[in-house]
Amino acid sequence: MHNSGAAGATGSATTVLYHVGRAHGVLTHPKQAHLQVSLRFDDFDVQLSAGCSAEFIKVYDGDNTSSPVLLKQACGKLALPPLVASGSMMLVELVSVGPVSASGFTASYRTVTCDSTSTEYNGIVTSPGYPKKYPNSMDCVMAILAPAGYKISLTFTEFDLEPFPGCDCDYLTITDGSRSTSQLIGKYCGKMRVPDLVSTGNSLLLKFDSDIWVSTAGCKAEYSFGKFEGKAKAREMKL
Ligand SMILES: [Ca+2]
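Residues numbered from 1 in each chain as written. Predicted model: local features only at pLDDT ≥ 70, side-chain atom pairs only at ≥ 80, totals over all residues.

**Digging into the overall build of the chain**
(1) Moving on: Helix and strand counts for the chain stand at zero helices and 18 strands.
(2) Moving on: The burial tally for the chain puts 36% of its 239 residues in the buried class.
(3) Moving on: In the chain, of all internal contacts separated by at least 6 residues, the share reaching a separation of at least 24 is 79%. (Helix = DSSP H or I, 4+ residues; strand = E, 2+ residues; numbered from the N terminus. Buried ≥ 20, exposed ≤ 12 C-beta atoms within 10 Å, placed from the backbone. Contact = placed C-beta atoms within 7 Å.)

Here it is in structure tokens:
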């Protein structure tokens, strides 16, 4: 899907709704009901205003505006991580008051089985199936997105992935930013204590990968959002 946010109306507020995820027909395919929609904004340029009052994009975890909110009102030029719904439907809302001055957005989506986007102020991120052993052949992207101006503190309470030199079998990577091309903090496997860390920006990307053999207990991390002023440069805090 490629949509341009071209709501060119003037005067009163204009709302444009984009339904994402219907094209795969997952709603009518019971065996695929576990699939989730993952939406990636390739370009995001929405008129910046105080409190995003002039123009904003809002994303819902479901097919209507009563669904839980996945992305609160967002505006400006942003590099957002993938947004993952809990199910097969997602709604993107572009609301504009007055003329649209920015270029809007383009986005693409795919279906995923074990990805997630965490936007609550604190929570947990785990390997798939946790506390059971993780399944083989998994490829999961877990994004944590804090509001602008906040950072993310991440602490692992368990870490036990199949050990292998270079972590070439099963591994978890942590990236300091919203994209897989952002700064890599580390690639981890085996049974270990992953150092506590604080993001430099408002997003972290965790990627979990398992191969076709051998699975172990998995991993669990707790995160929270905060200003973390004193830890601004301590991206990876040594124990
Ligand atoms: Ca393995």
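**Description of the sheet that holds strand β13 (residues 171-176)**
(1) Moving on: Spatial strand order, β9-β11-β17-β13-β14: five strands in an open sheet with mixed pairing. Strand pairing shows two members of the sheet lacking a second neighbour, β9 (116-118) and β14 (183-188), which therefore form its edges. On average, each strand axis in the sheet is tilted by 15° relative to the strand beside it, whichever way the strands run. (Pairing = 2+ DSSP bridges. Axes fitted to C-alpha atoms, helices over the stretch in contact; angles between N-to-C directions.)

**Examining the nonpolar core**
(1) Moving on: In this structure, M142, I144, I152, L172, L204 and L206 are the most contacted members of the largest nonpolar core, which totals 28 residues.
(2) Moving on: No other element matches strand β11 (residues 139-145), which puts six residues into this core.
(3) Moving on: Apart from the residues within four sequence positions on either side, I152 is in contact with I144, A146, V198, S199, L204, Y223 and F225. (Core = buried A, V, L, I, M, F, W, Y, C linked by C-beta atoms within 7 Å.)

**Points about unusual backbone geometry**
(1) Moving on: Along the chain, Y130 connects to P131 via a cis peptide bond; the corresponding omega equals 10°.
(2) Moving on: Take P131: it is sitting in the loop between β10 (122-126) and β11.
(3) Moving on: Positioned with a positive phi, V214 is a non-glycine residue whose angle comes to about 55°.
(4) Moving on: Positionally, V214 belongs in the loop between β17 (203-209) and β18 (218-226).

**Quick word on the pairing of β17**
(1) Moving on: With five of seven residues buried, β17 is to be regarded as a mostly interior element.
(2) Moving on: Of the pairings in the sheet, the one linking β11 to β17 comprises seven bridges and is antiparallel in character. If you follow A143 over to β17, its bridge partner there is L205.
(3) Moving on: Bridging between β13 and β17 involves five bridges; their strand directions are antiparallel. Residue pairing across strands places Y171 opposite D209, the latter belonging to β17.

**Overview of the confidence of the model for the chain**
(1) Moving on: Confidence along the chain averages 84 in pLDDT terms, with 80% of residues attaining 70 or more.
(2) Moving on: Across residues 1-11 the pLDDT falls below 50, and counting only partners more than four positions away or on other chains, this stretch makes 26 contacts in the model.
(3) Moving on: In this model, residues 21-30 is a region of pLDDT below 50 whose contacts with residues beyond four sequence positions or in other chains number 14 contacts. (pLDDT = per-residue confidence, 0-100.)

**As for the environment of L172**
(1) Moving on: Along the chain, the position of L172 falls in strand β13.
(2) Moving on: For L172, a count of 25 C-beta atoms within 10 Å corresponds to the buried category.
(3) Moving on: The sequence separation of L172 and G186 amounts to 14 residues, and the corresponding C-alpha distance is 8.2 Å.

**Topic: the environment of G218**
(1) Moving on: In this fold, G218 is placed in strand β18.
(2) Moving on: Setting aside chain neighbours within four positions, we find G218 in contact with T126, S127, Y130, K133, Y134 and D160.

**Overview of the pairing of strand β12 (residues 151-161)**
(1) Moving on: Relative to β18, β12 runs antiparallel, the two being bridged by nine bridges. Within β18, the position partnered with F159 by the bridge is C219.
(2) Moving on: Pairing geometry for β12 and strand β16 (residues 197-198), over two bridges, is antiparallel. Bridge pairing links L154 to L197 in β16.
(3) Moving on: One ladder, built from two bridges, connects β12 with strand β15 (residues 190-191); its direction is antiparallel. Within β15, the residue paired with L161 across the bridge is G190.

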